[in-house]
Structure formats: C-alpha cells, structure tokens
2 protein chains.
Amino acid sequence: MQHTITFTHNDNQGSVETPTGTLLSDAAHLAGIDIGQPCGGQGRCGRCAVQVTGGTVRRRSTLRLSPADIEQGYALACQAVIEGDVSIYVPPQEKIERRLTTDRVVAEVSVPSDYEYPFAQTVRRVHLTLNPPSMDDQTDDWSRLQTAFRLQHQVERVTCSVSLLRKIGDVLRKGDWRVTAIIETIRLSDHETIRLSDHATIRLIDLLPGHEDEYSPLWGCAIDIGTTTVSLWLVDLVTGQVRAQVAEYNGQIARGEDVISRIMYASRNGGRDELRQRVLDTINSLLDVAFKRVKLPQGKVTPEQVVKTTIAGNSTMMHLLLGIPASNIRLSPFITTVNQPPLTTGREVGLNVNPEAVVDCLPGVASYVGADITAGVLSSGLDSAENVTLFLDVGTNGETVLGDRDWLVTCACSAGPAFEGAGVVNGMRATTGAIEEVWINSETLEPTYRVIGGGKPKGICGSGLISLLSESFITGILDKGGNVNLMATNSRVRDGAHGGEYVVAWGAESESGADIVLSRVDVDNLLRAKAAIYAGFTVLAENVGIPLETVDKVLIGGSFGKYINVEKAVQIGLLPDMDWSRFEFLGNTSVKGAYLALLDWRKRERITEIAKRMTYIELSADNSFYDAFTSALFLPHTDMSKFPSVAEALSSKVEGRTSVDQGDF
Amino acid sequence: MQHTITFTHNDNQGSVETPTGTLLSDAAHLAGIDIGQPCGGQGRCGRCAVQVTGGTVRRRSTLRLSPADIEQGYALACQAVIEGDVSIYVPPQEKIERRLTTDRVVAEVSVPSDYEYPFAQTVRRVHLTLNPPSMDDQTDDWSRLQTAFRLQHQVERVTCSVSLLRKIGDVLRKGDWRVTAIIETIRLSDHETIRLSDHATIRLIDLLPGHEDEYSPLWGCAIDIGTTTVSLWLVDLVTGQVRAQVAEYNGQIARGEDVISRIMYASRNGGRDELRQRVLDTINSLLDVAFKRVKLPQGKVTPEQVVKTTIAGNSTMMHLLLGIPASNIRLSPFITTVNQPPLTTGREVGLNVNPEAVVDCLPGVASYVGADITAGVLSSGLDSAENVTLFLDVGTNGETVLGDRDWLVTCACSAGPAFEGAGVVNGMRATTGAIEEVWINSETLEPTYRVIGGGKPKGICGSGLISLLSESFITGILDKGGNVNLMATNSRVRDGAHGGEYVVAWGAESESGADIVLSRVDVDNLLRAKAAIYAGFTVLAENVGIPLETVDKVLIGGSFGKYINVEKAVQIGLLPDMDWSRFEFLGNTSVKGAYLALLDWRKRERITEIAKRMTYIELSADNSFYDAFTSALFLPHTDMSKFPSVAEALSSKVEGRTSVDQGDF
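Parameters at a glance
Residues numbered from 1 in each chain as written. Chains lettered and ligands numbered in written order. Predicted model: local features only at pLDDT ≥ 70, side-chain atom pairs only at ≥ 80, totals over all residues. Buried ≥ 20, exposed ≤ 12 C-beta atoms within 10 Å, placed from the backbone. Helix = DSSP H or I, 4+ residues; strand = E, 2+ residues; numbered from the N terminus. Pairing = 2+ DSSP bridges. Axes fitted to C-alpha atoms, helices over the stretch in contact; angles between N-to-C directions. Parallel < 35°, antiparallel > 145°, perpendicular 65-115°, else oblique. Contact = placed C-beta atoms within 7 Å. Least-squares fit on C-alpha atoms with pLDDT ≥ 70 in both. Domains from an automatic or database assignment. Nonpolar A, V, L, I, M, F, W, Y, C, P; charged D, E, K, R; others polar. Arc of directions from axis to C-beta.

Before going further, it helps to examine the pairing of strand β27 (residues 553-557) of chain B. All names here are of chain B. Most of β27 is tucked away, with four of its five residues classed as buried. Judged from the five bridges that link them, strand β18 (residues 389-394) and β27 form a sheet pairing that is parallel. Counted as the bridge partner of F391 is L555 from β27. Pairing analysis gives four bridges linking β27 to strand β28 (residues 583-587), with the strands arranged parallel. Along β28, the bridge assignment pairs V554 with F583.

So, on to the packing of helix α5 (residues 141-153) of chain B against helix α6 (residues 162-174) of chain B. All names here are of chain B. In contact at an axis separation of 10 Å, α5 and α6 are set at 75° when each is read in the N-to-C sense. By the criterion of interaxial angle, the relationship of α5 to α6 is roughly perpendicular. Facing D141, W142 and L145 of α5, the residues of α6 in contact are L165, I168, G169 and L172.

Moving on, we come to the relation of the copies chain A and chain B. For the pair of chain copies, the relating transformation is a rotation about an axis with a translation along it. After a rotation of 180° and a shift along the axis of 0.0 Å, chain A superposes on chain B with an RMSD of 0.2 Å. The transformation just described matches what one would write down for a two-fold rotation axis. The position closest to the rotation axis in chain A is occupied by the C-alpha of E348 of chain A, lying 5.4 Å away. Here 100% of the contact residues of chain A are again contact residues in chain B; the copies associate through an equivalent surface.

Residues and elements named next belong to chain A. Taken domain by domain, chain A consists of domain 1 (2-89), domain 2 (117-209), domain 3 (219-361) and domain 4 (372-417 + 527-647). The gap between the C-alpha centroids of domain 2 and domain 3 is 29 Å. At the interface, ten residues of domain 2 touch ten residues of domain 3. Of the residues assigned to the side of domain 2 that touches domain 3, the class counts are five nonpolar, three polar and two charged.

Glancing now at the sheet that holds strand β27 (residues 553-557) of chain A. Residues and elements named next belong to chain A. Taken together, the six strands give an open sheet; going across it, the order is β28-β27-β18-β19-β20-β29, and neighbouring strands pair in mixed fashion. Each edge of the open sheet carries a strand with a single partner, namely β28 (583-587) and β29 (614-616). This sheet shows a mean twist of 20° between the axes of neighbouring strands, independent of strand direction. Two strands pair when backbone bridges link them, and strand β18 (residues 389-394) and strand β19 (residues 397-403) are joined in this way by six bridges, in the antiparallel orientation. For V394, the partnering residue across the bridge sits in β19 and is G398.

This brings us to helix α18 (residues 623-631) of chain A. Residues and elements named next belong to chain A. Along α18, the positions that sit buried rather than exposed are F625, A628 and F629. In an axial view of α18, the angular spread of the buried residues amounts to 100°, which keeps them on one side of the axis. Every exposed residue of α18 that faces more than 90 degrees away from the buried side is listed here: N623, D627 and T630. Next to the buried residues of α18 lie α14 (520-543).

Residue and element names in this part refer to chain B. Ordered in space as β22-β21-β23, the three strands form an open sheet in which the pairing is mixed. Unpaired on one side and paired on the other, β22 (447-451) and β23 (459-460) mark the two borders of the sheet. Pairing of strand β21 (residues 434-440) with β23 involves two bridges; the strand directions are parallel. Paired with I435 across the two strands is I460, which belongs to β23. Sitting on the sheet, helix α13 (residues 462-474) touches β21 and β23, and the angle it makes with β21 is about 15°.

Tallying the contact residues gives 35 residues for chain A and 35 residues for chain B. Looking at the side of chain A that touches chain B, the elements that each hand over two or more residues are α5 (141-153) and α6 (162-174) of chain A. Among the elements that take part in the side of chain A that touches chain B, α6 of chain A stands out by supplying six residues, more than any other.

The subject of this paragraph is the pairing of strand β3 (residues 49-54) of chain A. All names here are of chain A. Pairing of β3 with strand β5 (residues 74-76) involves three bridges; the strand directions are antiparallel. By the bridge assignment, A49 is partnered in β5 with L76. Both β3 and strand β7 (residues 86-89) contribute to a ladder of three bridges, which runs antiparallel. Residue pairing across strands places Q51 opposite Y89, the latter belonging to β7.

The following block contains the structure:
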C-alpha cells in the first residue's frame, strides 16, 4: 500500500509516495532531503530527529528522545516506519563544517637524508629516441617503442594497458619520435640498482612527447584516510619534497561517525557504493586544492602528472575505498577480505590522478589494526627503537602497539566517537564554536572556557570534554564513579532530563540559546572511551610481561593526539601516570608513513615486514581485557596507586587549590 | 550565426538551431535523425541524399547526383553546408536488414582430435577447500585463499583484481569455505603440463561457491570482426565443442562500408567512440543470441560464465574495437599502433562476458594484413602445406598469402566494397530481395535471375554482380574493356544517366518500381575490384618467382567466397584460370582460426609464429602492381592467353550458344 509523505524543510515543501514499512530516512532521501545519520542509521545518536506534524509513524526506537520530545511529535528518521500518510517537518541540522584545516595539518617534514630518487623510487622517467617508420620499416608503433626500450635501456619486457595504447601513436608523432616514458619498475632482486635491466618488468604509466627535463618534478601523493579526517600530501618524487599538505573531513561522516556505523550503512542497499563515492569525492577535492597550491612556471599541477599514490587508513576505510564489502570486519571472528591489497591503478580506484598511476594501498594486520598503524609504526620509528616503546593512535578506534626493534605486539579497542564529540549530548567536532578547554573554580564551581574561533559556544569538542571531565572530577562535581554530586552548592549542578548534569554554559551565552551541559550519560560514554584505550595498552603490556612503568617512551599519534592536555588526560586516566617527558606527540603518523613508503621501496618493504612482524592480540577474546576495562571505568581508576600524581592533585584540592590556576588563561 | 533547420522524416517534423557552416548530416544527428553514411561521409556513395524543400544549402560535392536530382533539390547530407534557414525532407533510406544469417554461417566444425582440455587450455577450473577462520586464526580471506592454492595446488603466486576481491568474502562464506576457482595459467616453459606449479603466475578470473562439476561446461567464445559481418562461436572449453554459431552485420556499416571510410569517420569528433560502441553493440547482441541458443539444465548461459575470448579481424577492426586511433593505417607509410595487442579483459574491452575474462586479440602482420589472415592461415593449414599454396581472403579488402610450411609471403589490396554491393547504383548486400545469380540469353539478351527469398528484386548482391558481369561479357553486351555495346538490339541496352547501361529488371517487376540496371560506372567499380585482387596474387607470385600455374591449391576464405560461382569468377578474371579441382572454398577461415587459438595454447603460439614468419609486401610501393592492375582492368584480362577456358567459351558463343544453358535453371 502506498502512502503520501509530505516534507517541509528549509521553507520548501514536497511529497513522495512510498509503500508501508518504508523508513522515514529513506523516504526523505527519495524526496531529495539529505538527513545526516552520524551513527549510520542505528538510532544511537539522535541527530536525525524530525517532527511529525500530521499523521503518525511507528517508532522502532525512542532512544535519545525525551518524553517531551515524543509529545511534540519528534521521531528519529532512521527508526520511524511509515504506516500511513504523514506530514514531516525536517528541522535544520547541525551543519558538518567542511573547513580545510590546513592551518592545523601542516606538519614539519624534511626529506629523508638518504633519499636518492634513482635508487629509491619505483617510478622513473626515461628518454627514448626512435627511428621513424618508413615504407622499408613498417613496424607497428608499440613494437618500435619496445625495441627502443631494449636497445636504449636493456629492458626486455615492457607492459602497457590498452587504454594507454590509445595515445602512443599520437605522442610518438607529436614528439617527432623523441619521447619521455614514465615507467613503474618491478625489481628482479632486493639489490639496489638504477639499471633498468635488473628489473623483471617495466610497466608503462605514461608517454609524453619530447624529452622532458630530467629534474623537473614527477608527482606523487601520500594519503591517510581517517574515519574522521582525510589527509593528503602532494610530493615531488624527484626531490622528495612535500609541496602541499591538505586535509578535509571524510565525506562519509554523514553516514556514520565510527567504523561500525559505516559498515552497517555499507550493508544497506546502495550503501557501499555511496560510501565509496563519498570518500573518493573527498580525496579528489583535496587533490584539486593541492594542485592549485603548487605554483609552477607552466601553471598548476594536472591530475595526469600524478603517477604514484600510497594510501594508509584503517582496514574498514581501505575496504570502503576499494568497494570491498566490510561486513565481516564487524562480525566474530572479525575477518577482513584483504589485509594486503594488490597494487592497483588510479583508474581502478577512481582517483583523479593519472589513470595508469600506481596506487599502493599499504598493508594492514587485522580487522582493527590497519595500514594506518603499520605506516604509523614505520614513521614513529617504533620498529627500530632500542628500548621498549608504546605507540598509541588515539582516534575513533584506539590502536596500541608495544615493542622495539625485535618484537611488536598490537591490539585495538573500540573507543567510540565520544572524544570526537559524537554520542555526547552537546558534543561536536573541533570546529568553530567548540569549547576546547575548560577550567572550573574548585570553590565556586564556576567554569571558564575557551571557544575555538572565540565566538559563542555551540558545544564541546574532544579536548574540551577531557578538560571538563578532569576539572569536574578534581573539583568534586563528579565522584570517582562519575556520579554527579547533586549536593554541590552551585545551581549549575542539577538534575536534568538524562540524570545529573553540570551546566558549562547557560543558554544566555550559547549560540543556540540552550544550556550546554555535561550529563551523566555523557560521562558514561567518555569513561567507556578512556577505559577502553587505557585497558588496551595495559592488557597488551601485561600480555607480554612488560610493566607499564618500564616503557621508555609513549608515542602518541593521530591528529587528535596533538591537542590533548597531557595533565588532564592523565587525571581522567586516559594516559598512564608517568613523567611527561616520556610522552611524545607525533601528529599524523599514518600520512607520514605513507609519504616514506611513497618515496622509497625499502621503506615500503619495511611496512610489509612490520605488518608481518606484528602479533595481533584480539582483546574481545581476552577476559583480562574486560577486567581491566571495568577497573578503568573510574576517575582515574579503581586503583589510585597507579595514578600518584592525581592522588596528589586531589589532596591539594582538599587544601583549597585548583590544579590549574585560572590566572593561566 | 544560428540558422533553423526543419526536418521532415517518417511523417514527423522537428527543427534544430545550428551555426553557419554546419554539415546537414550533423544537423540531422542533432535532430535525432540517423542518416546512414555507408561511405563514411565522403560524398562517394550517394546514399545520404536528402531533399531541400525550402531555402538553400551549399553543395560541396554533387558527385552521385544527376542534374535532375539537383533540380529537384536533392543534396548529399554529408556534403551540404548550412548557410541559412532551410527545410529538409529526409526520404526513407534503404534499411540495413539486421538478419541473423545463421543458416548460412553454420559451418561444420569438429573438435580437433588432439584436444585435451587440461593440457591445451590456459583457462582451468580448480577446487579449493579452506579452513574456516576462527578467533585463533583471523587470517584475511585473500591470504587464506592464497594459502589454499599453495597447499592444495602448489601455486606460489596468484593475482586478483580489486574488482574480483569485492566478491570473494561472500563467495567463501556462501560455499562454506569450499569454492571453485576459475583461473588463467601463464606457463613457465613451453613444456606441456597439467601441474599448476609449472606456471609462473595464476590469475584468478572468478570464484564460485561450492565445488562445481569438473566436467560441466566452461564457456569461451571465438569472434571474427569482419568489415561487413561479425561472426561468433560459443564454445565449451572442456569438451572443445562449438555449441552455437551466430553472425550479424557489423553495426559500423552505417558509418562506412570499407575500412578507409571507417578510419575517416573515426577521425571525426566522437567518431572513434561511436564506431567502438557500434561494434561492441553488435558483438554483445550476438552473445545474447548465442547464450539463448544453448539449452542447459539450469537455463541459458550467462555472461559471467564466459571466461575466455579470442578475437580475429583486420587491423582496422582491431584498432576500432580497442578504441585505438587508426588514422596512421591510412597514411603513408601505413603504420598500425599495435599488431600484437596485449592480453586484456572483458571489462577493458567492454564485452558482455565475465569482466575478468581473458580477451586475446590475435596478432596481425601489418596495416592491411591483420589477425583475420594469420588466423585464416592457421585454420586453412597453409602454414603446414607441403606444396606451394595460395590463400585468398575475398572481402572488402583482398588479402593474399602464398607459401608452404617453410615460407609465407603476403600482400593486401583495397578491392573496395563493389562485390558487397556498395558503390554500385543498384548494389545491395546479400539479403532478401537481392538478385544473386543472372543468366542472359545470348541471342535475345533477355535475362533470367534468381532472387534471395524469391520475391521481387530490390537490387543486386556480390555474387549476382559477378554473374551479371560475366554474362554481359560472354553475350557481348559488354566488350573486353567493359564498354556497353549500344548497338545491341534489345531495349534493355540503353544510354542512361551514368552512361551506357543494361536493364536487368524493369520497374514493373522490381520492388521499388524503378528499373534495376548495371551501369558503365558500376562496371568500372567491379573491374577495379577484381583487378586489384587478381593483381595482388599475381604480383605476389611473381615477387617470389613462383609461376601461378605451379600453385598446388587455391584456398579461398571469407564468407563471400562460399557463394562465388567459380566459372563466372574465372570468366571475369577474378580467379586464375586453372582446373576447378584446385580451388577449395573454406568459408570463414578467420573465426575458425580464432576457435583453434581459443582451445589450445600451442595453436595460439602458432599464430604468433605465423605472424612472425609472414613477409609482408607493400603493393602500393611496387610499380609492377600498378602494371598488373591496369592489365587486369579488362574482361577477363588484356592477355587472353592467361584465360584459355574463357577464350573457349567466347568462341562457342560465336557458334550461337550461351556458356550456361538456361535450362539449368
């Protein structure tokens, strides 16, 4: 049976016909209205709430809706089933700000001192001069080119795609039989060599008329596909220099904020194609920005000039990029289709680079330890560390690697997106309007905060949440178990719709006019996130019998990791309580590893070795993880002896001082 | 400046706006009217004539239009330039009948007696049984599959495309870890072997759930792309049996009837893509018919089941199929882009077969001696003949090969499409309504003819033209030089719009109501066609010092060759005058060669060897060809001593008898 669904959205009205049982979110899609579903349509985040203004829908779930919401007709679009004619008001959603965070992502990076293009690079530029054809020599163009490779470069075997064959006739003639070949070399042995004859096969990537300057740039790019952010470096393969660094939110965010939501969305009809297209759109728009940023005498870089790409990212991101079903990653026993994807091309992946460009998706280890971690281990130097080192990649997934130059063990835990602002009532990403740091006066319990961009606050981002959680605990608003102390003497501490809560900003000062709060539910989500990460590395250390305090260094990767206030992260029990000098913040270790692999085949092979060397420990199969996790679901931990500096801060609070003086602000 | 062009066609009227200088044919295309251009828009064939009913156009050429035509407003759409508002009437064109000529193309073919699938075939079906994953073994699917190949078939290296990786996870689980792999083997050595470990690389073509019956069919197809006709055989690679034979006109015909017209059309904007799509459409519709024709217990064959394809065709057809520019084939020194295309896939070519199917475009020798000839040499057995043999492929191009098991020389000449009915006033293809044989009473000069399908005649096809030319000559209507004897006593012999002509059928008996004639212009085209073919093989024989009469056998290939009346072909000087028992008509030798190569890698390598062994002689660079050609521009030849049987027939005519008694009919 068909029903008429009438939508009102942004002053527009329109209607669609759908059969009984259709999801409201699908009907909206049909009507051309894009309702963001950060949790992937699981009814978990509450962001897709719409108002039913006529008729009724069946609500499969009302999680995230208060009784008052339901009374006003609110329903989650992803959970509302159509059973009759209805009218729907779609309120304006929080916009996903597509801010190019170039200011934050520009990392200082220097070309490795040992980089010598002809020895290290698998992509090369060679010159060829052919004898022109005549009535006495009617050899076909392709055989003529192969002969020139044999006679001028001792190459026995050259391969070429049919697509590239389409242009060689024109190029040979345009160049008057003098051409430049861009080739991919596949080595016969591990021996370092610049002689092409030592390569088993040469693959033709491009053919250009005339002899191009040997020192002019040859373009490559290194990409990290994060669940939240995609980073791209445009590199001159001849000099090794990074010529542009750009980053943008992953366009898949609108269809799920964590990998599990994305996998679930991908399982829906058409979902896999949509997610693939979304991340491709993100990468291709980043390429476009990067191309424009490099100033060349002859204009900007063109897509055809990019002849090699390395890609890092977690296993789910890699599957979604390549259009490979990811559903088994989510289901026990958690199996990827492929950890080490075959070398492929720009055309096959769908990147706006040379269609024949080498595209090298770096190898991962397991469903939840992907190429972002193997690349991160390489660029962090963990795999050659003399002393035992801990590497944490703090993001939506919390991956941990422990080891040194002789051994490496790894595990992953789902921290969830709480630290990135999702699953938290007033959470948001670290964009303009986000409260990024909070200080609470331990006597008055009045807060002071800093907002990104300096305007009115819209919500609280990850670093703000860490800060707020820490301050609330140190000032006694929250107890060790995360319970809100409703006996506190400030009206900011109150009983809210979701239990006890603390008002960080009153409606009068906020952008939306509504209070910005930290609720009991939020605290639980944050505790689970930090407990998962903490339990991850502690269980890993226990598993290999390494006391955490003997770890020489803690290397922290992930763009998130760059902005954490270490003291507060220790106070909530996210990071271990050790001398701050042992922490090192490395920024995006994944894209840096992809860059090193882009330049040098020895570094690239090292990533394969790292992937092989890493012993993956599945935490979900480990009872001790569950124990460690539950012990860590406290502020900072059930066992205070593990956090002596926090114990000291608490005792100084008792003496009437806050841990950080507000005067610092 | 924009002009309004109003078209009237099939009772419909519509108009488009185009700028000054637009070709009328392009304007019609814009208006959605498809005007066939058999000569590729060169103004040569006159088939695209339309009537200007209002306004005027500039006629770049009026070739093929009589003064009366021009007076009535007729213009060639491909030669008419728009310079103002005009109204155009597009008359109904001769339809290209897309008749499936299966009745004619079904060749008797038996599986080679030495065919043993596991030894000869490069495509194989293997069974694999994998250990299911568990929490103790979280190996990724692709590595697990590779391990099974290594342990169960001693295969060290398996490759797989990203596209195929997309399905392996589902297939492994659907088959409960028992799967059938369809693989392409690439041999390490020439040694015959069924051990997979003797192959350098295994490429995965498909993966299917469960263990498929080892003897169930594995599908392949052999294709010959002729300039006029495309033939396709659907083959069970396990038994080697041809299960369906289908053929259809090449959809490119509407854009040029010979290779030169096609090359010119391809050089136009968008022309190359259009021609590629047209031949793909033809092949894919043939596949569809072939699939339906095979009855299987589980239904019809599906595209995904076709895992290997071999393709033969002349060099221009091969370039156009692969989308490779063909313009240099036409221009001195006549260079192809590629004679031996790399192995490719169903996806890359655009065939409606398994996207990973091996597609093997067979190797050619030169611009005008393509894979249809190398495949034809193989299937004709010429390359292993004990005595000197002549192989003729009679078609739009006339290719000739002379040799035996020790040597092979080849040449080609452009015969033109006259024998296929193009470039002849009342010419048509051999479909319903075509006069296919003519007898003329030598006393009354009254004709008798046979029409394909038995109805009213529409025109004359190739075999009818050979017959008519021969009869007109033997009965004295035409003299040795092809001139019409206007002193003849029958009113059928008359002075027409294009010079002297002979009326084969009066308007009262024809389909259109107009007279069907053989004109002086037609005779010239036919003479040029037969002279080119005759000169080709005689010059080739002279070049290698082999007197034509010492040739042991004349093998005639091409679907055309099957229907030639040998006596009449000798009488016009198309075939040499020798004992008819030395002629052997082989039908489509090209598709048969493609079939042999499809089955057996040794036969496939033999084609490569044939291509290498063939010495190509470029006739356009040879003065003796021009001499031989001009000497052959007579009926049957200037030198009657070369045609003793014809001299005899002429002398018996003098005695008052026709060479063939009408009573035979």
